[in-house]
Amino acid sequence: MNPGTRRASLLAVVLPLLFSCTPPSSTEEFIKVSEARNGIYSFKLDLSDSLSVYDLSFYTRVDRNSLETKGENPRIRLVATWISPSGKTFTETVYMPAGDAEGIIRKYRTGVQPKEFGEWTLNVKAFSQEKGFRGLGLICDRNGTR
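Residues numbered from 1 in each chain as written. Predicted model: local features only at pLDDT ≥ 70, side-chain atom pairs only at ≥ 80, totals over all residues. Heavy atoms only, no water.

Draft legend 1. Fine view of the packing of aromatic side chains. Going through the model one piece at a time under the given rule, you end up with four aromatic pairs. For the ring pair phenylalanine 58 and tyrosine 108, a centre distance of 4.6 Å and an interplane angle of 40 degrees mean the geometry is tilted. With phenylalanine 58 in strand 3 (residues 52-62) and tyrosine 108 in strand 6 (residues 104-112), this residue pair connects regions lying 50 residues apart in the sequence. The class for phenylalanine 58 is buried, based on a relative accessible area of 3%. In textbook terms, an aromatic cluster arises when at least three aromatic residues are bridged by ring pairs, as seen for Phe58, Trp82, Tyr108 and Trp120. Here arginine 75 stacks its cationic end above the ring of tyrosine 95, 4.4 Å away from the centre of that ring. Its guanidinium or amino end placed over the ring of tyrosine 108, arginine 109 lies 5.0 Å from that ring's centre, counting from NZ or CZ. (Phe/Tyr/Trp six-rings, centres within 6.5 Å; stacked < 30°, edge-to-face > 60°. Helix = DSSP H or I, 4+ residues; strand = E, 2+ residues; numbered from the N terminus. Buried < 20%, exposed > 50% of the residue type's maximum accessible area, 1.4 Å probe, protein only. Lys NZ or Arg CZ within 6 Å of the ring centre and 35° of its normal.)

Dropping the structure here:
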């Protein structure tokens, strides 16, 4: 085998391996009500890519036949506590519609650029008055670069 053919063969093997090692552009996790600890849904987020910008969305499902409409648009109160890799915390309250059996997805934050890179924890306490609330999910999308 001549050197040119050998290099081409090596590149044909190595290049797909390089591209297969890229992190996924989106991660998703759903935690059932029965798996939440004391009503807290705990999500681990890998925000270690210093060049990425992230979009986060919450999603949930409520059994349709048990949805008790309290007004036009029942909402779920979410108390979200962010814990940085160094242990700093930030807490905020947000609201989302209760949804139904098909589920509902709502943007939580767009264009997130963390000051610290690494694994973050997002603990969310969900206050739902809806019977049939199934749990809470989080979608984290890497959406471009800084």
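Draft legend 2. Representation of the nonpolar core. Core analysis: the biggest nonpolar cluster contains 28 residues, and Leu45, Phe58, Leu78 and Leu122 have the highest contact counts within it. Every element with two or more residues in this core is listed here: strand 2 (40-47), strand 3, strand 4 (75-83), strand 5 (89-97), strand 6, strand 7 (118-127) and strand 8 (133-145). In contact with phenylalanine 58, other than residues within four places in its own chain, are Leu78, Val94, Met96, Ile104, Ile105, Arg106, Tyr108, Leu122, Val124, Leu136, Gly137 and Leu138. (Core = buried A, V, L, I, M, F, W, Y, C linked by side-chain atoms within 4.5 Å. Contact = heavy atoms within 4.5 Å.)

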